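Okay, here's what each chain looks like letter by letter:
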Amino acid sequence: MSNLNFPYSLKTSSHGRDFLLEFPTSGFQSKPYLPFSRGYRYSSGLIVRTQTLVYASSLSHGRARIKGPRVVQFVAKAQPVAEELVEQKSKDPQTSGDSIRQRFLDFYAARGHKVLPSASLVPDDPTVLLTIAGMLQFKPIFLGKVPREVPSAATSQKCIRTNDIENVGRTSRHQTFFEMLGNFSFGDYFKKEAIKWAWELSTSEYGLPADKLWISVYQDDDETFALWHDEIGVPKERIIRLGEDDNFWTSGATGPCGPCSELYYDFHPERGTYNVDLGDDTRFIEFYNLVFMQYNKKDDGSLEPLKQKNIDTGLGLERMARILQKVPNNYETDLIFPIIEKAAELANVSYALADDSTKTKLKIIGDHMRAVVYLISDGVNPSNIGRGYVVRRLIRRVVRTGRLLGVKGDGMGDLQGAFLPILAKKVIELSTNIDADVKTRASRILEELKREELRFVLTLERGEKLLDQMLADALLNAQGTETAPCLSGKDAFVLYDTYGFPVEITNEVAEERGIGIDMNSFDIEMEKQRQLSQAAHDTVKLGIENGANLAEDIPDTEFLGYNTLRSKAVVEGLLVNGSPVAQVSKGSEVEILLNRTPFYAESGGQIGDNGFLYMMEAENEQQAIVEIKDVQKSMGNIFVHKGTITEGMIEVGREVEAAVDANLRQRAKVHHTATHLLQSALKRVIGQETSQAGSLVAFDRLRFDFNFHRPLQDKELVEIEGLINQWIGDAVILETKVLSLTDAKRDGAIAMFGEKYGEQVRVVEVPGVSMELCGGTHVSNTAEIRGFKIISEQGIASGVRRIEAVAGDAFIEYVLTRDNYMKQLCSTLKVKAEEVTGRVEGLLEELRLTRNEVSAARAKAAIYKASTLSSRASTVGTSKNTRLLVESMDDVDADSLKSAAEYLVDLLKDPAAVVLGSCPGDGKVSLVVALTPGVVDLGIKAGDIIKPLAKSCGGGGGGRPNFAQAGGRKPENLLGALEEAREQLKNLLEK
């Protein structure tokens, strides 16, 4: 900075993002004028502080004058200065979000924990809609349903919670998307180690001052209190006992539970230790929660000790980043703030200079953009149900918030563009160490966001205007009735259903104007959607199920089905209606648990095998036969064979012979391998960014869902079929191997949508074509597939397409069936197969011409009939010069009725009004209202006449002011409705 001829200092602000220019004001008769434009890189703005006033601008090239008798000029060489200052004040790399995450994982890896990847945001758990906690992927272990694979683990888990969405941006800590760092013990270590390591991580690894840390414990947990005080040395006055609501974790009405202990950071220790409230957000932030899972809560509410005591912890990454980076809230950490800065740039505002309302909006955008990018990456596309509704709601909240900030179009000059993809690029740029797969899915994420934003914008403006009017009406009604203003639930539903306004957005806008919403009536209008929209639970339910006790005594089922379709096995358990029994007799439905089995249990999209179980007596005589119709996995890796006893009686402990239906197994193998070939063909034809979104491998067909934004063209489908049939003809030998998950992904193996994988995975490779992680059954050579045919391609949700196809025997059956249809068609039409298309086109043309002739004849007949009715017209009106004709024309069809009405208004001359009705058959009603210009000029509209008429006949319709048509389903009401229309028109014309 040069030519500044008064004392000054230039330095970074306390949180390192702004620049402070400080100088005295003595001798200045008026405030300094600093006309700078927006700033550079990490600076949101330049804060200019004087002894009495604070002025704000941004650092840039510019000239400043101080008005008055003393003039000072200077030139700020902004960019070099800004970059130099940023360089000098660059953040400690040890406090970056990426560093905090890695240091946590390294810390626990050094203490024997296995570092595991984050699970998907789409959980493999029907009790929760989205992954809302780090422990969710370990739920089966905590329940004892599956054995632990490692004694302890550490993760950085992506999480989504929307239950506190209204607090996002308003508080310093609420987010919808966040990362939960966690260390977990599965019967390995317990309280003493968990507390010791949590303290060591916080004070030694992260360097938090010990005197700024407070601890909460459960009110009756003296053991934990003693560990913190006696072992760690935390003063008693900084250990707070809290009640069950705060510090006793439960998974539900029954199941695992236990006390917890939390670590808090104190931003203002100078306030002392008297009468402290750990819930005071202005002073404290909870950053680490330790759950000591030591009890099982029984049906009667009593607690019994768990055989295996577990540790479940959670450390909020964004919260720790806020503490270490010394910023006032989670949003200004390097995990979120770059997104906020990009949003501020698009809105042409400065975050540092913004008022609280603007900052809140920018924070909402920064938070929600992370959530939608990671949700779409994990396969959740916008829709009106379930997880898709969560994404749509967040996207639309960002779009509306951006518009409130003044973002037009893409924010960069294209008024028809979308700004969400621009923000998403920043999120994707920051994703490398959170989820590496996000970058590989970038093009799909950007396309989906663009499509959803532009779709919403089409109706947003009209919806906003309608909402404004609705709110104005609500205020007016409240003034008239002297009641609190309230928007009706029906109006809120119209905004949701027609204009795509999530009711939460409508509620926010209404609250801004002091208006409530009648949510009871809204719930009545759309109960199902409401339930789904609020299904993102904020707790993880861990209920001990009936089968869990049985599972304790039954080992995992050994699967033999890769190598054999027939084997001996021992009956380990029998279940009837979910309850264990010792024996089951003929005619009963039963679930059978075996120690080993050749039956494939449904997983990875492939349905379970069918077949038989045979229990033999001495000398190999059959004692019992069970027909197996389904096989499912339960409680980890226990196979449940579901079937019906067709002969004899089956007992626990007896040996059986298990036999899989070989024909059905072969059909499943063919379709499963064909599914792998289909995914590879899709990637080659429409792009590598497409990904699987679900599948079904059945005996009679395969179904493959994939992410794509448009219908496939016929030529693309032909190309896909051609590739697959070429690979089938190449007779490629499949290769199957077991690798570590890391090695398999490194080799390029594709993971299946929604599947969970252990440390060791099975890789199925069609050399040169595909490589996937898959536990399903497959052919040994692609030639076994014999042929492949796509039978349908359609959209099933926004951005998700579905292909159904057949292969192998199902392919042959499909072709033979279609060939038989063709032979019948050729026989009926008396042409060769290659001539069928031309013959059908000819017949259709003949049919079209015939229909036109029939329609013309009907119209002529209707006009002739109408001419006979014209004499029935009456004269009405004040001068008795308007002709009114209201008549029924029996069974005349809708088109002919229209022709008759047009003929009559011409015949009767202006001014005239014609109302006609008919019952063309099948319980239908046709209605027409035709008015001449002279009648319309009186303020009478055809649509206003036909609406009540149609309603009386059980239908609806509309049209132009001079002509309207409608239909109905109550022909018995036609004559009465026509009389009502006659009286209505007569009264209107005589006014």
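Residues numbered from 1 in each chain as written. Predicted model: local features only at pLDDT ≥ 70, side-chain atom pairs only at ≥ 80, totals over all residues. Heavy atoms only, no water.

**Q** Which residues make up the sheet that holds strand S35 (residues 788-797), and what values go with them?
**A** Read across the sheet, four strands follow the order S30-S31-S36-S35 without closing on themselves; strand pairing throughout is antiparallel. Only two strands of the sheet have a single neighbouring strand rather than two, namely strand S30 (692-697) and S35. Between one strand and the next, the sheet's axes are offset by a mean angle of 15°, whatever the strand orientation. Bridge count between S35 and strand S36 (residues 800-807): eight bridges; the pairing is antiparallel. In the sheet register, Phe788 faces S36, and the bridge partner there is Ala807. Packed on one face of the sheet, helix H20 (residues 714-729) meets S35 and S36 and runs near 135° to S35. (Pairing = 2+ DSSP bridges. Helix = DSSP H or I, 4+ residues; strand = E, 2+ residues; numbered from the N terminus. Axes fitted to C-alpha atoms, helices over the stretch in contact; angles between N-to-C directions. Contact = heavy atoms within 4.5 Å.)

**Q** Describe H20, naming the residues involved and giving the relevant values.
**A** For H20, built from 16 residues, the straight-helix expectation of 22 Å at 1.5 Å per residue is met to within 8% by its first-to-last C-alpha distance of 22 Å. Turning to H20, its buried residues number three or more, namely Glu716, Leu717, Ile720, Glu721, Leu723, Ile724, Trp727 and Ile728. The buried residues of H20 occupy an angular sector of 155° when projected down its axis, which confines them to one face. More than 90 degrees from the buried face of H20, the exposed residues found are Asp714, Lys715, Val718 and Gly729. Where H20 is buried, its residues contact helix H19 (662-686), S35 and S36. Ala731 lies just past H20 and shows a positive phi near 50°. (Expected span 1.5 Å × (residues − 1). Buried < 20%, exposed > 50% of the residue type's maximum accessible area, 1.4 Å probe, protein only. Arc of directions from axis to C-beta.)

**Q** Describe the packing of helix H4 (residues 191-205) against helix H5 (residues 222-232), and please don't skip the residues or the numbers.
**A** Interhelical geometry of H4 versus H5 gives an angle of 50° and a closest axis separation of 10 Å. Relative to H5, the element H4 lies oblique. The handedness of the crossing between H4 and H5 comes out as right-handed. Contacts between H4 and H5 involve Lys191, Lys192, Ile195, Lys196 and Trp199 from the former and Glu223, Thr224, Leu227, Trp228, Glu231 and Ile232 from the latter. Here the residues of the contact of H4 with H5 sort into five nonpolar, one polar and five charged. (Parallel < 35°, antiparallel > 145°, perpendicular 65-115°, else oblique. Left-handed = near helix turned anticlockwise from the far one by under 90°. Nonpolar A, V, L, I, M, F, W, Y, C, P; charged D, E, K, R; others polar.)

**Q** How would you sum up the sheet that holds strand S39 (residues 912-921)? Please name residues and give values.
**A** A sheet is described by the order of its strands in space; here six strands give the open sequence S37-S38-S39-S40-S42-S41, paired in mixed fashion. Bordering the open sheet on either side are strand S37 (874-876) and strand S41 (956-960), each of which pairs with just one other strand. On average, adjacent strands in this sheet sit at an angle of 20° to one another, irrespective of strand direction. Here helix H27 (residues 974-989) sits on the sheet and contacts S37, strand S38 (882-888), S39 and strand S40 (924-931); the angle it forms with S38, its principal contact strand, is near 170°.

**Q** Now, about the packing of aromatic side chains: what can you tell me, with residues and values included?
**A** Taken as a whole, this structure holds 20 aromatic pairs when the rule is applied. Summarising the aromatic geometry, the rings of Trp199 and Trp228 are spaced 6.1 Å apart at their centres and angled 70° between planes, so their arrangement reads as edge-to-face. Separated by 29 residues along the polypeptide, Trp199 in helix H4 and Trp228 in helix H5 bring together distant segments of the chain. Take Trp228: its relative accessible area is 0%, and that puts it in the buried class. Judged by centre distance (6.0 Å) and plane angle (20°), the ring pair of Phe612 and Tyr614 falls under stacked. A connected cluster of aromatic rings, assembled from ring pairs, spans Phe104, Phe107, Tyr108, Tyr189, Trp197 and Tyr288. Here the guanidinium or amino end of Arg111 rests over the ring plane of Phe107, the centre of that ring lying 3.6 Å away. Lys359 extends its terminal NZ or CZ atom over the ring of Tyr351, reaching a point 5.1 Å from the ring centre. (Phe/Tyr/Trp six-rings, centres within 6.5 Å; stacked < 30°, edge-to-face > 60°. Lys NZ or Arg CZ within 6 Å of the ring centre and 35° of its normal.)

**Q** Help me get a handle on a nonpolar patch on the surface, residues and values and all.
**A** Taken together, the side chains of Val840, Leu844 and Leu847 present a nonpolar region at the surface, about 240 Å² in accessible area. Turning to its location among the elements, Val840 is positioned in helix H23 (residues 836-869). Assessed through its relative accessible area of 31%, Val840 is described here as partly exposed. (Patch = residues over 30% accessible without salt bridge, like charges linked within 9 Å, V, L, I, M, F, W, Y side chains within 5 Å. Areas by Shrake-Rupley, 256 points an atom, 1.4 Å probe, with all protein chains shown as cover. Salt bridge = Lys/Arg side-chain N within 4 Å of Asp/Glu carboxyl O.)

**Q** Now, about the confidence of the model for the protein: what can you tell me, with residues and values included?
**A** Mean pLDDT for the protein: 84, with 86% of residues reaching 70 or above. For the protein, the element scoring lowest by mean pLDDT is strand S7 (residues 74-75), at 30; H4 scores highest, at 97. Note on residues 1-90: pLDDT is under 50 here. Beyond four places in sequence and across chains, it has 194 contacts. Ignoring residues within four places in sequence, the model shows residues 528-549, a span with pLDDT below 50, making 49 contacts including any to other chains. (pLDDT = per-residue confidence, 0-100.)

**Q** Explain helix H15 (residues 503-512) to me, using residue names and the numbers behind them.
**A** Counting buried positions along H15 yields seven of ten residues, so the element is predominantly enclosed. Residues of H15 that are buried: Val503, Glu504, Ile505, Thr506, Glu508, Val509 and Ala510. Phi turns positive, to about 75°, at Gly514, one or two residues after H15.

**Q** Outline the environment of Thr932, listing residues and values.
**A** Within the element layout of this structure, Thr932 appears in the loop between S40 and helix H25 (933-936). Put simply, Thr932 and Pro961 are 29 residues apart on the chain and 9.7 Å apart in space, counted from C-alpha to C-alpha. Once you skip the residues sitting within four places of it in the chain, Thr932 turns out to touch Val905, Lys909, Asp910, Pro911 and Ala912.

**Q** Give a detailed account of the pattern of salt bridges, specifying residues and quantitative values.
**A** In this structure the tally under the stated criterion is 47 salt bridges. A salt bridge links Lys342 to Glu345; its shortest N-O distance comes to 3.5 Å. Remark: Glu345 and Lys342 occur in helix H8 (residues 337-347); sequence separation between them is three residues, near one turn of the helix. Residue Glu345 is classed as partly exposed on the basis of its relative accessible area of 38%. Glu591 is the salt-bridge partner of Lys642, the closest N and O atoms lying 4.0 Å from each other. Taken as a pair, Lys642 in strand S27 (residues 638-647) and Glu591 in strand S23 (residues 589-594) lie far apart in primary sequence, 51 residues in all.

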